[in-house]
Amino acid sequence: MSDSTITPLTPVRLGTTGPEVGAQGFGCMGLSDTYGPTTDVAEARATLERALELGVTLFDTADVYGQGENEKFIAPFVQAHRDEIVLATKFGLGVSPEDGARTIRNDRAYLRACVEGSLTRLGVDVIDLYYMHRRDVRVPVEETVSAMAELVAEGKVKHLGLSEVTAGELRAAQAVHPIAALQSEWSLFSRDIEERIVPTAVELGVALVPYSPLGRGFLTGSFVNAEQELGEGDFRRGQPRFNGPNARANAALLEPVRKIAEGRNATLGQVALAWAQQRSAIHGLTVVPIPGTRSRARVEENTAATRLVLTDSELDLLAPIASRVKGGRSADLTFVSAGRE
Ligand SMILES: NC(=O)c1ccc[n+]([C@@H]2O[C@H](COP(=O)([O-])OP(=O)(O)OC[C@H]3O[C@@H](n4cnc5c(N)ncnc54)[C@H](OP(=O)(O)O)[C@@H]3O)[C@@H](O)[C@H]2O)c1
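The paragraphs below set out a description of the structure included in this document. (Residues numbered from 1 in each chain as written. Predicted model: local features only at pLDDT ≥ 70, side-chain atom pairs only at ≥ 80, totals over all residues. Heavy atoms only, no water.)

1. Overview of the overall build of the chain
- Along the chain, the regular secondary structure elements total 14 helices and eleven strands.
- In summary, the chain has a C-alpha radius of gyration of 19 Å against a globular reference of 20 Å for 341 residues, a match within 12%.
- Each principal axis of the C-alpha atoms in the chain carries an extent, and together these give about 50 × 40 × 40 Å.
- Of the contacts formed within the chain by residues at least 6 apart in sequence, a portion of 74% connects residues at least 24 apart.
- A total of about 13,500 Å² of accessible surface is found on the chain, and carbon and sulfur atoms cover 51% of it.
- Between the averaged position of the 36 positive side-chain charges in the chain and that of its 44 negative side-chain charges there is a distance of 2 Å. (Helix = DSSP H or I, 4+ residues; strand = E, 2+ residues; numbered from the N terminus. Rg over C-alpha atoms; globule rule 2.2 N^0.38 Å. Contact = heavy atoms within 4.5 Å. Areas by Shrake-Rupley, 256 points an atom, 1.4 Å probe, with all protein chains shown as cover. Lys, Arg positive; Asp, Glu negative; His and termini not counted. Charge placed at Lys NZ, Arg CZ, Asp CG, Glu CD.)

2. Points about the side chain of Glu 185
- Residue placement: Glu 185 occurs in strand β10 (residues 179-185).
- A polar atom in the side chain of Glu 185 sits 3.2 Å from the side chain of Ser 190.
- Polar contacts involving the side chain of Glu 185 include one to the side chain of Arg 329, which spans 3.4 Å.
- Leaving out residues up to four positions away in the same chain, Glu 185 has contacts with Glu 164, Ser 190, Ile 193, Tyr 211, Ser 212, Arg 241 and Arg 329. (Polar contact = N/O pair within 3.5 Å; in protein donor to acceptor, adjacent residues only side chain to side chain.)

3. Regarding the site of the ligand
- Taken together, the neighbourhood of the ligand is formed by 28 residues, with Tyr 35, Asp 60, Arg 134, Leu 214 and Thr 293 sitting nearest.
- Met 29 is positioned such that a nitrogen or oxygen atom in its backbone is 3.0 Å from an oxygen atom of the ligand.
- Side-chain polar atom of Ser 212 to an oxygen atom of the ligand: 2.9 Å apart, as the coordinates give it.
- Starting from 900 Å² of accessible surface for the ligand in isolation, the protein chains cover 92%.
- Broken down by element, the residue count for the shell around the ligand peaks at three residues, all from helix α12 (residues 296-304).
- Classifying every residue of the shell around the ligand gives nine nonpolar, eleven polar and eight charged. (Near = heavy atom within 4 Å. Nonpolar A, V, L, I, M, F, W, Y, C, P; charged D, E, K, R; others polar.)

4. Re helix α7 (residues 197-204)
- Of all the residues in α7, the buried ones are Ile 197, Val 198, Thr 200, Ala 201 and Leu 204. Within α7, the buried residues cover an arc of 160° as seen down the axis, which keeps them to one side.
- On its buried face, α7 is in contact with α6 (167-174), β10, β11 (207-211) and α11 (268-283).
- Gly 205 sits one or two residues past α7 and shows a positive phi near 75°. (Buried < 20%, exposed > 50% of the residue type's maximum accessible area, 1.4 Å probe, protein only. Arc of directions from axis to C-beta.)

5. Quick look at the packing of aromatic side chains
- One pass over the structure, following the stated rule, counts seven aromatic pairs.
- Judged by centre distance (5.9 Å) and plane angle (40°), the rings of Phe 26 and Phe 59 are tilted. A residue pair is termed long-range when its members are at least 10 positions apart, and Phe 26 in strand β3 (residues 26-27) and Phe 59 in strand β4 (residues 58-60) qualify at 33 residues. In this pair, the class of Phe 26 matches that of Phe 59, namely buried.
- Note on Phe 189 and Phe 218: the rings are 5.7 Å apart at their centroids and 45° apart in plane angle, and the pair reads as tilted. (Phe/Tyr/Trp six-rings, centres within 6.5 Å; stacked < 30°, edge-to-face > 60°.)

6. Here's the deal with the environment of Gly 238
- Positionally, Gly 238 belongs in the loop between α8 (226-229) and α9 (244-252).
- It is 18 Å that separates the C-alpha atoms of Gly 238 and Leu 93, two residues lying 145 residues apart in sequence.
- Excluding residues within four positions of it along the chain, Gly 238 makes contact with Asn 243 and Ala 331.

Shown next, in the form of structure tokens:
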């Protein structure tokens, strides 16, 4: 499936009152950050334009990506296409200036400083979808969502989202203000949210935005051992699933993905994305995966996956994979909802 003819992505609504977006979004993080230095900046910028041409409208960033640099990187694109895109960014995760450790803050004063920073860096006067990126357990979630709702009332933010919260936290938040989307890791390799969080999102009418739907690239088969194959500064070099014996064992799990891809004249990545997209029909909720890439050819490949529908027997082949994955989905599980459930 490599043709790049432009078939509009199906429009879907995030939450009951949220924005309408194309059924696949775009994760901007890797354009300038996290997966090593960007060697071809012009191509990365052209990838954003190509995504929009292909019908992608939801563009996702966060203030912590490159400590503001990712928001600045996408700002010219955002400003050029302000009315054509749905702009999502996040607050709550930071980096300590003292030791570079990750920090989590959800208090009102921090939130208010963060939103002003994001608005300035992005060069916009309103954020379409503003997420709490990580949950600071020192602050009741109701308190944070109330403070986020003030931003909606003030016109700085249009819709609210949460990332990596538990089912209970999602329910408590929704009681304060409508939550358009929950962003969590969801892929062939990461299915822990299906037990409690997805059913709660279904019940509450909250859309799911799966992040890292390509398993940070691992599901495309483009690398096995991050430490040996990926460059300095690549976040994946420190992740348990992509290194040492875990990486070898996990690469072997891709065999059914490869088999299906061969049979459908598709790539492994397209099978992984089709699987994520089909969570929508299977679980009965809106699902908008946000794969990220620095390349136009790959965004064409990724959006083409929205036209691949896996059969029941193909889905059955893929079903056992997640339970066999070796290594946690984060080096530090206190940073994800699975660490609190
Ligand atoms: N809420 C959160 O806590 C959280 C956490 C992580 C990510 N996110 C969001 O989710 C977005 C996506 O997640 P992600 O970037 O971590 O992971 P991902 O989309 O699963 O994978 C991205 C990686 O896959 C590679 N890739 C993309 N398309 C490919 C293709 N067709 N063939 C081969 N390789 C391909 C990319 O490399 P190239 O760039 O070289 O193509 C990149 O290294 C991020 O951009 C960010 O917006 C949110």
